Amino acid sequence: MFSGIHEDVRPQLEMLEIDRDRPLVITDADEVLFNFMVGLEDFLETRELFFDWASFALTGNIRRISNKQPIEQQEVWDLLSDFFDQRCAVLPAVEGAAEGLASLSKHAQVVVLSNVPPKYAAKRLEGLKDKGMDFPLIANVGSKGEVVRYLTRDLKASAYFIDDIPHNHSSVNQHAAHVHRLHYIADDRLSKLLGPAEHCHTRLYGWPDICAHIIRHIETGEY
């Protein structure tokens, strides 16, 4: 039934307890709770690299300072692994994120669904706790739709999904269309490179708006 869930993710889901009678907020971490790009740019400098900002993608935009040439895909993967290892626990929090989740937690359950490699899950949790966002974490691998479907199975209340990546909204739309999908990109520079995700319900631009949108729906049934 949930064949699309990675083997490293299943045990995490099985350990998580969801109250089927309470609303559920499922939120991404990078560029939603943490300033991923701010941290990445600082990290790239230490490797004599820079981000070109020509598009939303990492591959093709990470270039060498010396000759302005983009690094290869394998180098990008290796770089990201080092980045998560060294910076995952110390990334700066997005403005209003901790306060927003605290406010939402009075009305709903909160789960962080992040595509941080599972081997760095403990460091992601450390960063969440350090920034006042001590909520359950699922370190996901691959697309998020099947995982969101699993989390919301038999849920009798409303569910909300917050993410910056368009294809994650498409995946959730495919596998869990009943979940209300909010598209949010914290970094203004990155946000300007991308319009609303095709399969989101709405694009929002800050945590006060996200909180107001979700709480209004929980309390009134209206968006």
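Right above here is the structure, for reference.
The shown structure was predicted, so the numbers you read here are calculated from the model rather than taken from an experiment.

A. Layout of the overall build of the protein. Scanning the protein for helices and strands turns up nine helices and eight strands. In terms of C-alpha radius of gyration, the protein reaches 17 Å, essentially the compact-globule figure of 17 Å for 223 residues. Expressed as lengths along the three principal axes of its C-alpha atoms, the size of the protein is roughly 55 × 35 × 35 Å. Scored against the burial criterion, the 223 residues of the protein give a buried share of 49%. The long-range fraction of contacts in the protein, counting pairs at least 24 apart against all pairs at least 6 apart in sequence, stands at 68%.

B. Local environment of the pattern of salt bridges. By the definition in use, this model includes 12 salt bridges. Residues aspartate 52 and arginine 63 are paired through a salt bridge, measuring 3.5 Å at the closest nitrogen-oxygen approach. Taken as a pair, aspartate 52 in the loop between strand E2 (49-51) and strand E3 (62-64) and arginine 63 in strand E3 lie far apart in primary sequence, 11 residues in all. As a salt-bridge pair, aspartate 130 and lysine 131 come within 2.9 Å of each other at their nearest N and O atoms. It is possible to trace a salt-bridge network through shared partners that takes in Asp28, Lys144 and Asp163.

C. Geometry of helix H5 (residues 121-130). Those residues of H5 lying buried are Ala121, Arg124, Gly127 and Leu128. Each buried residue of H5 sits inside an arc of 120° when the element is viewed along its axis, so together they form one side. Along H5, exposed side chains directed more than 90 degrees from the buried face belong to Ala122 and Asp130. The inward-facing, buried residues of H5 contact helix H3 (73-87), strand E4 (109-114) and strand E5 (137-139). Looking one or two residues beyond H5, the residue adopting positive phi is glycine 132, at roughly 75°.

D. Summary view of the packing of aromatic side chains. In total, this model carries six aromatic pairs according to the counting rule given. Between the aromatic rings of phenylalanine 36 and phenylalanine 84, the centroid separation amounts to 6.3 Å while the plane-to-plane angle is 40°, which identifies the pairing as tilted. One end of the pair, phenylalanine 36, is in helix H2 (residues 36-46); the other, phenylalanine 84, is in helix H3, with 48 residues separating them in the sequence. Ring-pair connections join several aromatic residues into one group, and the members of that group are Phe36, Phe43, Phe83 and Phe84. Positioned above the aromatic ring of tyrosine 150, the side-chain terminus of arginine 153 is 4.0 Å from the ring centre.

E. Up close: the sheet that holds strand E7 (residues 180-183). One open sheet accounts for six strands, arranged E5-E4-E1-E6-E7-E8; its pairing is parallel. One side of each edge strand has no neighbouring strand; the edge strands of this open sheet are E5 and strand E8 (202-203). Bridge analysis of E7 against E8 gives two bridges, and the strand direction is parallel. Opposite histidine 183, over in E8, you have arginine 203 as the bridge partner. Sheet strands touched by H5: E4 and E5. Its angle to E5, the strand with the most contacts, is close to 145°.

Rules and cut-offs
- Residues numbered from 1 in each chain as written.
- Predicted model: local features only at pLDDT ≥ 70, side-chain atom pairs only at ≥ 80, totals over all residues.
- Heavy atoms only, no water.
- Helix = DSSP H or I, 4+ residues; strand = E, 2+ residues; numbered from the N terminus.
- Rg over C-alpha atoms; globule rule 2.2 N^0.38 Å.
- Buried < 20%, exposed > 50% of the residue type's maximum accessible area, 1.4 Å probe, protein only.
- Contact = heavy atoms within 4.5 Å.
- Salt bridge = Lys/Arg side-chain N within 4 Å of Asp/Glu carboxyl O.
- Arc of directions from axis to C-beta.
- Phe/Tyr/Trp six-rings, centres within 6.5 Å; stacked < 30°, edge-to-face > 60°.
- Lys NZ or Arg CZ within 6 Å of the ring centre and 35° of its normal.
- Pairing = 2+ DSSP bridges.
- Axes fitted to C-alpha atoms, helices over the stretch in contact; angles between N-to-C directions.

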